[in-house]
Amino acid sequence: MKKGILTAAAVCLTGIFAGCTSMPDGIQPVQNFEKEKYLGTWYEIARFDFVFERNLDNTSAEYSVTADGNIGVINRGYNYKKQQWAEAHGKAKFRGSETTGELKVSFFGPFYAPYIIMALDSDYKYALVTGRSRNYLWILSRERSIPDEVLNEYLEKARSAGYDIRRLIRVKQDGYK
């Protein structure tokens, strides 16, 4: 009986998550993407809050090439309510060409979620990233801060693409350790 319930749950979850690697209508990933330039550490400047990052400040993501040629992901953040660091390890794969900023990321075994880079400066210092719907949005920087003109440009791009930028929370990046 338990095995049957677990199998049914797995089938349902597979069905639910199968569509999770799509992207929001009208969103286009960046082209001429260079994986090597994107590797390294990125700091969250702003994000839409969601369960996996709730109560986290000083959040960052580190990307590296894995032995199999995919991308390793380490997300970190300081949970200010629990007063402890949280860390999650995952992997990312390109959905198609490696020159298109459209990946899928997994932190939970076979389940993947989209990671779409919708804006990226030519020096790979700032990025605007979305997920499977307009309920996911991140503004990232190589530094713990971002120039106001870049932030305003990315906010306008997000607003023009249909995101409710009033939902963005600024991420505290004070380097607390």
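Refer to the preceding data block for the structure.
Residues numbered from 1 in each chain as written. Predicted model: local features only at pLDDT ≥ 70, side-chain atom pairs only at ≥ 80, totals over all residues. Heavy atoms only, no water.

> Give a description of the overall build of the chain that names residues and reports values.
In terms of helices and strands, the chain carries 3 helices and 9 strands. Ordered by position from N to C terminus, the α and β elements of the chain give α-α-β-β-β-β-β-β-β-β-α-β. Counted over contacts in the chain with a minimum sequence separation of 6, partners at least 24 positions apart contribute 55%. Carbon and sulfur atoms form 53% of the exposed surface of the chain, whose accessible area is close to 10100 Å². (Helix = DSSP H or I, 4+ residues; strand = E, 2+ residues; numbered from the N terminus. Contact = heavy atoms within 4.5 Å. Areas by Shrake-Rupley, 256 points an atom, 1.4 Å probe, with all protein chains shown as cover.)

> How would you sum up the side chain of D57? Please name residues and give values.
Position of D57 among the secondary structure elements: in strand β2 (residues 56–65). Although D57 lies buried, it forms no salt bridge, and the closest oppositely charged side chain, K172, sits 5.0 Å away as judged by the N-O distance. With residues near it in sequence (within four places) discarded, D57 still touches G77, Y78, Y80, V171 and K172. (Buried < 20%, exposed > 50% of the residue type's maximum accessible area, 1.4 Å probe, protein only. Lys, Arg positive; Asp, Glu negative; His and termini not counted. Salt bridge = Lys/Arg side-chain N within 4 Å of Asp/Glu carboxyl O.)

> Explain the pattern of salt bridges residue by residue, including any values.
On inspection of all chains with the given rule, the structure shows 13 salt bridges. The salt bridge involving R54 is made with D49; its shortest N-O contact spans 3.2 Å. What makes R54 partly exposed here is its relative accessible area of 40%. Accessibility expressed as a relative area gives 29% for D49, which makes it partly exposed. A salt bridge links E87 to R76, with the nearest nitrogen and oxygen atoms 2.7 Å apart. Taken together, the positions of E87 in strand β4 (residues 84–94) and R76 in strand β3 (residues 71–79) put the pair 11 residues apart, joining distant regions of the chain. Classification of E87 as partly exposed rests on a relative accessible area of 45%. Taken together, the shared-partner salt bridges connect E44, R47, D49, E53 and R54 into one network.

> Describe empty space enclosed by the protein, with residues and values.
One pass over the structure, following the stated rule, counts 1 cavity of 30 Å³ or more. In this structure, the largest cavity occupies an estimated 60 Å³ of space. In terms of lining residues, the largest cavity is bounded by Y38, Y63, I71, A92, L103, V105 and Y115. Partitioned by chemical class, the residues of the lining of the largest cavity number 7 nonpolar, no polar and no charged. (1 Å grid on protein atoms, 1.4 Å probe; cavity = no way out; pocket = protein on both sides within 12 Å on 5 of 7 lines; lining within 4 Å. Points joined across faces, edges and corners; volume = space filled by probe spheres on them. Nonpolar A, V, L, I, M, F, W, Y, C, P; charged D, E, K, R; others polar.)

> Could you give an account of a nonpolar patch on the surface, with specific residues and numbers?
On the surface, V51, F52 and F108 cluster together into a nonpolar patch covering about 350 Å² of accessible area. Here F52 shows up in the loop between β1 (40–48) and β2. (Patch = residues over 30% accessible without salt bridge, like charges linked within 9 Å, V, L, I, M, F, W, Y side chains within 5 Å.)

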